[in-house]
Amino acid sequence: MSYVKGLKCRVCETPYPVEPLAICEECFGPLEVDYDYDAIKTKLTREEIASRPPTLWRYRELLPLDADPTVGLQTGFTPLIRADRLARTIGVRELYIKNDAVSHPSLSFKDRVVAVALSKAREFGFEAVGCASTGNLANSVAANAAAAGLPAYILIPDNLEKNKIIGTQVYGANLVPVRGNYDEVNRLCSEIAGRYRFAFVNVNLRPFYGEGSKTFGYEIAEQLGWHAPDAVVVPMAGGSLITKIYKGLNELAKLGLIDRAETRFYGAQAAGCNPIAAAVKAGTRDIRPVKPDTIAKSLSIGNPADGYFATGVITETGGWSEDVSDREILESIELLAAAEGVFAETAGGTTLAVTRKLIEQGRIRPEDRVVIAITGNGLKTVEALQLEELNSIEPKLSAFEALLDKQRSAIAA
Ligand SMILES: *Cc1c(COP(=O)(O)O)cnc(C)c1O
Ligand SMILES: [Zn+2]
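If you're wondering where the values come from, they're calculated on a predicted model, not measured in any experiment.

Trainee: Explain the coordination of the zinc ion (ligand 2) to me, please; I cannot follow it from the model alone.
Mentor: Six octahedral donors around a metal ideally make angles of 90 or 180 degrees; four tetrahedral donors ideally make 109.5 degrees. Those protein atoms acting as donors to the zinc ion (ligand 2) are Cys9 (SG), Cys12 (SG), Cys24 (SG) and Cys27 (SG), and they sit at 2.3 Å. Considering all four donor atoms around the zinc ion (ligand 2), angles at the metal cover 100 to 116° and the coordination shape is tetrahedral. All donors to the zinc ion (ligand 2) come from one chain, and their sequence spacing reads C-x2-C-x11-C-x2-C. Taken together, the residues Cys9 in strand 1 (residues 4-9) and Cys27 in the loop between strand 2 (15-16) and strand 3 (31-35) connect sequence positions 18 residues apart. Residue classification places Cys9 among the buried positions, given a relative accessible area of 1%. Residue classification places Cys27 among the partly exposed residues on the basis of a relative accessible area of 30%.

In structure tokens:
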């Protein structure tokens, strides 16, 4: 059932067996999963995929499990929304929103990586799981571990949004806030994973975790009628998602499921945490770590593990990376909600604000077919919003009509 050949170093290509291992012992490069694409090609057709249930497991030949999945069986196949009202506002002809704000079960794209990583953790026989998280991963590991009956140890920076904390704690996970930023939390998790037999999904299981993100790209192509878009705009924290969407589209081309993958990749960051965007703008692949300070906490990774590869994907495909202020992020959250009825978290505001900037710069052109990656739900980051204060009225028609009059005169003025 598995088409996995093994793990392989992304830098020096040293092969490794399938083990809970993330780093090359020769060069310290990250490991990734390698498949037998020739064998997959004889098996997997568009019709075969289309006949399967609408979850990310419809692409199971391209995911690194040996047996049937056991976690996240309902995850994936979120809506791809044609966003004509928003397209007109920002000045492109054909714009789509890939909406993982409504991902099952925890309302972010992290459900994809966790479905794969926890299914793999069970194959490896781990009895406890965990993660280092900027929030959404914590929510997803907690929810999926609860459903799988696995104990979870979840470490987070202690300054996360309230709803990200509640949306982890409620599942009964062992939630550990750490007095430090994500990079310090991540380092601590590596030390714990070195000593205890825990499956930290984004540390020792990182090669398997990353594969789940490819399905975001597979779905975009399938939902566009088996075409790759001209441009995709992706929010970046550790820089994994953007590289995996790229890997996913290239795999589809290699398998003949799409004609070609010539998509330009654009990476979005907040100005208050922009190590990947800064490297792209400086014309280098070397990431200079930063200390995060932005409302986009889900993207607040100052020393991104996949930064080097993200800059590679962006420059090789003819894309670009930009960063935007917290004020621009908030404006774009409200624009997306008002134009399309989609309430995204701060990462989504970042993505749309960067898209607008790229259109103004002429890097994304009006004739491009553009997909923006909306990766998390706005109800999780409500304290970032600064909406108008509301005044209540008496329960009387006259009070409501006074309100209408006021609005009409405001419009007329
Ligand atoms: C984690 C996350 C990202 C980016 O993930 P990376 O793969 O680490 O770049 C984007 N958006 C949201 C909402 C996230 O939680
Ligand atoms: Zn190596």
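Trainee: I keep staring at the site of ligand 1 and nothing clicks. Help me out?
Mentor: Inspection of the region around ligand 1 gives 16 residues, with Lys110, Gly238, Gly239, Leu241 and Thr375 positioned closest. At a separation of 2.9 Å, an oxygen atom of ligand 1 approaches a polar side-chain atom of Asn136. At 3.3 Å from an oxygen atom of ligand 1 is found a main-chain nitrogen or oxygen belonging to Ser240. Taken by itself ligand 1 offers 380 Å² of open surface, and the protein chains cover 97% of this. Looking at the shell around ligand 1 residue by residue, the class counts come to seven nonpolar, seven polar and two charged.

Trainee: Looking at this structure, I do not really get the environment of Arg88. What am I missing?
Mentor: Note that Arg88 resides in helix 3 (residues 84-90). Arg88 sits 21 residues away from Ala67 along the chain, and the two C-alpha atoms are 46 Å apart.

Trainee: Where do I start with unusual backbone geometry in this structure?
Mentor: With omega at 5°, the peptide bond leading from His104 into Pro105 counts as cis. Among the structural elements, Pro105 can be located in the loop between strand 5 (94-99) and helix 4 (110-124). If you check the backbone angles, Glu13 has positive phi at about 65° while not being a glycine. With a relative accessible area of 53%, Glu13 lands in the exposed category. Of note, the phi angle at Trp226 is positive, near 65°, even though the residue is not glycine. If you trace the backbone, Trp226 turns up in the loop between helix 8 (206-223) and strand 10 (231-235). Since its relative accessible area comes to 9%, Trp226 is described here as buried.

Trainee: Is there a simple way to explain the sheet that holds strand 3 in this structure?
Mentor: Sheet strands associate in pairs through backbone hydrogen bonding, adopting either a parallel or an antiparallel arrangement. Taken in spatial order, the three strands of this open sheet run 2-1-3, and their pairing is antiparallel. Two strands in the sheet have a free side with no partner beyond their single neighbour: strand 2 and strand 3. Across two bridges, strand 1 lies against strand 2 in antiparallel orientation. In the sheet register, Leu7 faces strand 2, and the bridge partner there is Tyr16. Where helix 8 meets the sheet, its contacts fall on strand 1 and strand 3, and the angle it forms with strand 3 comes to roughly 60°.

Trainee: In this structure, what is going on with the pairing of strand 13 (residues 369-374)? I would like to understand it.
Mentor: Taken residue by residue, a regular strand's side chains alternate between the two faces of the sheet. Across the six residues that make up strand 13, a large majority, five, are buried. Strand direction decides the pairing type here: strand 5 and strand 13, joined by six bridges, are parallel. Residue Glu94 lies in a different strand from strand 13, and its bridge partner there is Arg369. Pairing of strand 10 with strand 13, which is carried by three bridges, proceeds in the parallel orientation. Note that in strand 13 the partner of Ala231 across the bridge is Val370.

Trainee: What is the right way to read the packing of helix 9 (residues 240-254) against helix 11 (residues 307-316) from this model?
Mentor: For any two helices packed against each other, one specifies the crossing angle of their axes together with the interaxial distance. Interaxial distance between helix 9 and helix 11 falls to 8 Å at its minimum, and their mutual angle equals 50°. Comparing the axis directions of helix 9 and helix 11 gives the class oblique. For the crossing formed where helix 9 meets helix 11, the hand is left-handed. For the pair helix 9 and helix 11, contact is made by Ile242, Thr243 and Tyr246 and by Phe309, Ala310, Val313, Ile314 and Glu316, respectively. Considering only residue class, the contact of helix 9 with helix 11 consists of six nonpolar, one polar and one charged.

Trainee: Even after reading the chapter, I still don't get the pattern of salt bridges, so can you show me in this structure?
Mentor: Side chains carrying opposite charge are able to pair once their charged atoms draw close together. Taken as a whole and assessed by the stated rule, the structure comprises 29 salt bridges. Ionic pairing is found between Glu322 and Lys357, a salt bridge with its closest N-O pair at 3.8 Å. Here Lys357 lies in helix 13 (residues 346-360) and Glu322 lies in strand 12 (residues 320-324), a separation of 35 residues in the sequence. Ionic contacts of the salt-bridge type, sharing partners, join the residues Glu32, Glu211, Lys214, Lys244, Lys247 and Glu251 into one network.

Trainee: Explain the sheet that holds strand 9 (residues 199-200) here, please?
Mentor: Spatially, four strands are ordered 8-7-6-9 in an open sheet, and the strand pairing comes out parallel. The open sheet has two free edges, formed respectively by strand 8 (174-178) and strand 9, since each of these has just one partner strand. In terms of strand pairing, strand 6 (residues 129-132) meets strand 7 (residues 152-157) through four bridges, oriented parallel. Each bridged residue has a counterpart across the sheet, and for Val129 the counterpart in strand 7 is Ala152.

Criteria and cut-off values
- Residues numbered from 1 in each chain as written.
- Chains lettered and ligands numbered in written order.
- Predicted model: local features only at pLDDT ≥ 70, side-chain atom pairs only at ≥ 80, totals over all residues.
- Heavy atoms only, no water.
- Donors = N, O, S within 2.8 Å, 3.2 Å for Na, K, Ca; no water.
- Tetrahedral: all angles 85-135°; square planar, octahedral: opposite > 155°, others 65-115°.
- Helix = DSSP H or I, 4+ residues; strand = E, 2+ residues; numbered from the N terminus.
- Buried < 20%, exposed > 50% of the residue type's maximum accessible area, 1.4 Å probe, protein only.
- Near = heavy atom within 4 Å.
- Polar contact = N/O pair within 3.5 Å; in protein donor to acceptor, adjacent residues only side chain to side chain.
- Areas by Shrake-Rupley, 256 points an atom, 1.4 Å probe, with all protein chains shown as cover.
- Nonpolar A, V, L, I, M, F, W, Y, C, P; charged D, E, K, R; others polar.
- Pairing = 2+ DSSP bridges.
- Contact = heavy atoms within 4.5 Å.
- Axes fitted to C-alpha atoms, helices over the stretch in contact; angles between N-to-C directions.
- Parallel < 35°, antiparallel > 145°, perpendicular 65-115°, else oblique.
- Left-handed = near helix turned anticlockwise from the far one by under 90°.
- Salt bridge = Lys/Arg side-chain N within 4 Å of Asp/Glu carboxyl O.

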